[in-house]
Amino acid sequence: MEEEIVPSEQSELLHFVNGSNSEDPLCAEMETDGNGIGNAKDDGELFSSEKGEGSNVVFSREAPLMNKDPRMSGGCSCSVRKPKSRTSAADFDIYKKDKNGHDKKFSRQDRIELGRMFQSALNSHDWELAESLILLADPQTLNDALCITLDSIWFLSTQQELHGITGLIKKIIANGAYDFTRAALRTSFLASCVSACQSRTMSLADTVTIMAQRLHERLQECNGDEVLKAEAGAKVQKFTEWALKCIGFHSRCQGSRDRVSHGSAVEIQLQLSAFKTFLDLAGNQLTGKDFTEAFDAACFPLTLFSSSFDPGWASGLSVTAIQGLLGMLVEGGADNVNQCFLEASRFGSTELVRILLQIAQRNSLDVDVDLALGFASHYCKIGTMECLVEEGNAIAFLGPLMRAAERGCMQVVQWFVQRGCRDMELCLALTAATSSSQVGIAAYLLPHVPQHVLAALSIEILKAAGERSGGSLDGVAFLLRSDFLGDPAATYAVADNIARSEDEAVAPDLKAFLREHWSEAAFLDGLRCEQDHYVNVMRILNWGGSPMCLRDLPGPLKVAITYLPLYRECLKAGGRLFSQRLRGQLLEAARRLGGGPVDEASQGRELLAVLEHHLPPFLLAAPNVA
């Protein structure tokens, strides 16, 4: 039997979660004001960056910021007037000089104030003011400004906005921003959330709930320490909530109250053009590892949200942006397409699987569709299985089918059989179900295996099932009771052959079981046992000391006293065939009751009918029980 497919622990959660410092949240906890603009509870942490020990991914803790200007409190900051902002910028320029006119070092509060002013200018499309603020920023603030500006590209909609945002990105980089890794990872995550939220079936409020539920489900499926899983979940949830608040804020600015507006094809191309400009400016400052981690970050939200996507989402306009983003990351050097593809298959993220298949095809990359089919089938992700077979051309049914049969997953087994399996695949799946005592699966598969295949491999099927039985031979007993060869004599002969075999490869438990119940020796033992039983009953009836005078009872009652235990044992066994031992007992009982010879070739059902004929009717089971 093939070894069960289980993803590695590293793939259980994205490495940007596993490596995070557990003492610091992935992003600061956020409140939402009347405008829905995130506002950190601790302003002192708003612009600080975090890099957990062992982590290769850094996210800023900042959120979309609220300007403290009271005139902005009544609506979206996109409508802020420019003159006031320019006055504030001038004031800030004076403030950052000491009394001798020299630049003084920024405090954390300085960075917060400058960040608020910069985002206000960015939201109101005051490119001149934003550029003037860039000239005032220190390197750390420039890195934060790069993240804020890059995040905004997924909401731009005009050529003018494209020109303004790309101009700011160039200016920020020219003035000393250097943390391209954090900017690329953050914007990849956000872009994925934007694309996911454009499903017509989800409002932003619904998305938060769905994200939390899916994250919980995913963590439950993972192995590992429960405390670490809880910490990882909290970090991912906080950052995802930040992304959704950011999306909500921009949506309201665009006039959509509770949904992400669907960008046109032109708008999406503008957004991708802005991201391409950033990548070109970053140049070799972004390594292949950076592109790989950004690809991972972009795939993760789609894994969480995919169960709620519209049917066909991956082939619609909404997915164009994420396809373009992932494509550029692959061109830049991301080498984990197959890893993300397998992970998406495991969690049933069908739409992401479809996207990654398309990306792999466009970039001539190999993805292991057969292994992915194994993952999807192991977790019973039927929709993903269909995608992998129909669109990914997966053809390796044997391994997943056998594992499903072993586990007793009827839905997956039925799916494979209905898709069309080869005779040998069905036979091996039957063997797997038999060895695991999955009687329901074996009963379903048995009619689908051709009789000539069963006849040719009957001994090997029983031997293999016994070898892997794990202590239970219920599956073997089921096949024999079902007369799996369609010929009682042939089925009994196969069992007897194995019982008498000297082959050391035959499992001792299997050999002992067959010898005791299904061999010719068991048949003879059944005859002798029933003969002894009849003699003992007659002694009791004729010479017993019971005051009831049992020999004076009516004949049917004496038959019941003698043979009711045997009758009930036959009913309990069920099946088309009785074991040889039971058949021997029934044969002897039929001889005694019939008062004459009975053909030894008679089968159990015929012999049971003789017994039923002599039993009192009130003791008989309903006809369909047997």
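Starting from 1, residues in each chain are numbered consecutively following that chain's sequence as written. Selection of residues for local features in this predicted model requires a pLDDT of at least 70, selection of side-chain atom pairs for listing and counting requires 80 or more, and totals for whole chains, interfaces and linings are taken over all residues. Excluding hydrogens and water, the side-chain figures rest on all heavy atoms present in the structure.

So, about the overall build of the protein chain. Across its full length, the protein chain carries 28 helices and 4 strands. In what follows, residue pairs with any heavy atoms lying within 4.5 Å of each other are defined as contacts. Taking the intrachain contacts of the protein chain between residues at least 6 apart in sequence as the baseline, contacts between residues at least 24 apart amount to 77%. Here the open area of atoms and residues is found with the Shrake-Rupley method and a 1.4 Å probe, where only the protein chains shown may cover a residue. Summed over all atoms, the accessible surface of the protein chain reaches about 27100 Å², with 51% contributed by carbon and sulfur. Elements are defined by DSSP. Helices are runs of H or I of four residues or more, strands are runs of E of two residues or more, and each kind is numbered from the N terminus.

One non-glycine residue, His-125, adopts positive backbone phi at about 60 degrees. By the secondary structure assignment, His-125 is in the loop between α3 (108-123) and α4 (127-134). With phi around 55 degrees, Ser-364 is a residue other than glycine that occupies positive phi space. Along the polypeptide, Ser-364 turns up in the loop between α14 (350-362) and α15 (369-378).

The next subject is helix α13 (residues 337-346). Within α13, 8 of the 10 residues are buried, which leaves it mostly tucked inside the rest of the structure. The complete set of buried residues in α13 reads Val-337, Cys-340, Phe-341, Leu-342, Glu-343, Ala-344, Ser-345 and Arg-346. Of the residues trailing α13, Gly-348 is marked for its positive phi of about 70 degrees. Burial here depends on accessible area, computed with a 1.4 Å probe over protein chains only, as a share of the maximum for the residue type. Under 20% is buried, over 50% is exposed, and the range in between is partly exposed.

Pairing of aromatic side chains here covers Phe, Tyr and the six-membered ring of Trp, requires ring centres within 6.5 Å, and sorts the geometry by plane angle: under 30 degrees stacked, over 60 edge-to-face, intermediate tilted. Applying the stated criterion across every chain, the model contains 7 aromatic pairs. An aromatic cluster is built from Trp-154, Phe-180, Phe-275 and Phe-278, whose rings are joined through pairwise contacts.

If you look at the biggest cluster of nonpolar residues, it comprises 150 residues, and the most contacted ones within it are Phe-118, Phe-278, Phe-295, Leu-326, Phe-341 and Leu-445. Once residues lying within four places of it in the same chain are set aside, the contact partners of Phe-341 are Val-353, Leu-356, Leu-357, Val-367, Asp-368, Val-369, Ala-372 and Leu-388. In this structure, Val-559, Tyr-563, Leu-571 and Leu-615 belong to the second largest nonpolar core, which totals 21 residues. We call a set of buried Ala, Val, Leu, Ile, Met, Phe, Trp, Tyr and Cys residues a nonpolar core when their side-chain atoms join them within 4.5 Å.

Attention shifts here to the pattern of salt bridges. Here, a salt bridge means any side-chain nitrogen of Lys or Arg that lies within 4 Å of a carboxyl oxygen of Asp or Glu. With the rule as written, the count across this model stands at 18 salt bridges. Glu-113 is the salt-bridge partner of Arg-116, the closest N and O atoms lying 3.6 Å from each other. Here the residue Arg-116 and the residue Glu-113 both occupy positions in helix α3, the gap between them amounting to 3 residues, near one helical turn. For Arg-116, a relative accessible area of 4% gives the class buried. A residue is classified by how much of its surface remains accessible, and Glu-113, at 26% relative accessible area, is partly exposed. For Arg-500, the salt bridge identified is with Asp-496, shortest N-O distance 2.6 Å. Exposure remark for Asp-496: the relative accessible area of 9% places this residue in the buried category.

Further remarks concern the packing of helix α6 (residues 159-174) against helix α10 (residues 265-282). Comment: axis = line fitted to C-alpha atoms, over the contacting stretch for helices; angle = value between 0 and 180 degrees taken between N-to-C directions. It is the contact of α6 with α10, at a shortest axis distance of 10 Å, that shows an interaxial angle of 15 degrees. When the axes of α6 and α10 are compared, the pair comes out roughly parallel. As for how α6 packs across α10, the hand of that crossing is right-handed. Between α6, through Gln-159, Leu-162, Thr-166, Ile-169, Lys-170 and Ile-173, and α10, the contact on the second element is made entirely by Leu-270, Ser-273, Ala-274, Thr-277, Phe-278 and Leu-281. Asp, Glu, Lys and Arg are counted as charged, while Ala, Val, Leu, Ile, Met, Phe, Trp, Tyr, Cys and Pro are counted as nonpolar; the rest, among them Gly, fall into the polar class. When the residues that make up the contact of α6 with α10 are grouped by side-chain class, the tally is 7 nonpolar, 4 polar and 1 charged. An angle below 35 degrees is read as roughly parallel, one above 145 as roughly antiparallel, one from 65 to 115 as roughly perpendicular, and any other as oblique. Two helices crossing with the near one rotated counterclockwise from the far one by less than a right angle form a left-handed crossing, whereas a clockwise rotation gives a right-handed crossing.

Along the polypeptide, Ser-124 turns up in the loop between α3 and α4. Within the local environment of Ser-124, its side chain forms a polar contact with the backbone oxygen of Ala-121, the two atoms lying 3.2 Å apart. We define a polar contact as two N or O atoms separated by no more than 3.5 Å, with the added condition that, inside protein, one atom must be a possible hydrogen donor and the other a possible acceptor, whereas residues neighbouring each other in sequence contribute only through side-chain atom pairs.

A few words on the packing of α3 against α4. Orientation of α3 relative to α4, taken along the N-to-C sense of each, is 155 degrees, at an axis distance of 8 Å. Relative to α4, the element α3 lies roughly antiparallel. When the axes of α3 and α4 are compared, the crossing they make is left-handed. Residue-level contacts link Leu-114, Met-117, Phe-118, Ala-121 and Leu-122 of α3 to Trp-127, Leu-129, Ala-130, Leu-133 and Ile-134 of α4. Its residues assigned to classes, the contact of α3 with α4 shows 10 nonpolar, no polar and no charged.

A word on α10. A rise of 1.5 Å per residue sets the reference length of α10, with its 18 residues, at 26 Å; its end C-alpha atoms lie 26 Å apart and thus fit the reference within 8%. Those residues of α10 not exposed but buried are Ile-268, Leu-270, Gln-271, Leu-272, Ala-274, Phe-275, Thr-277, Phe-278, Leu-279 and Ala-282. Just downstream of α10, Gly-283 is the residue with a positive phi angle, here 55 degrees. Any helix carries an expected span of 1.5 Å times its number of residues minus one.

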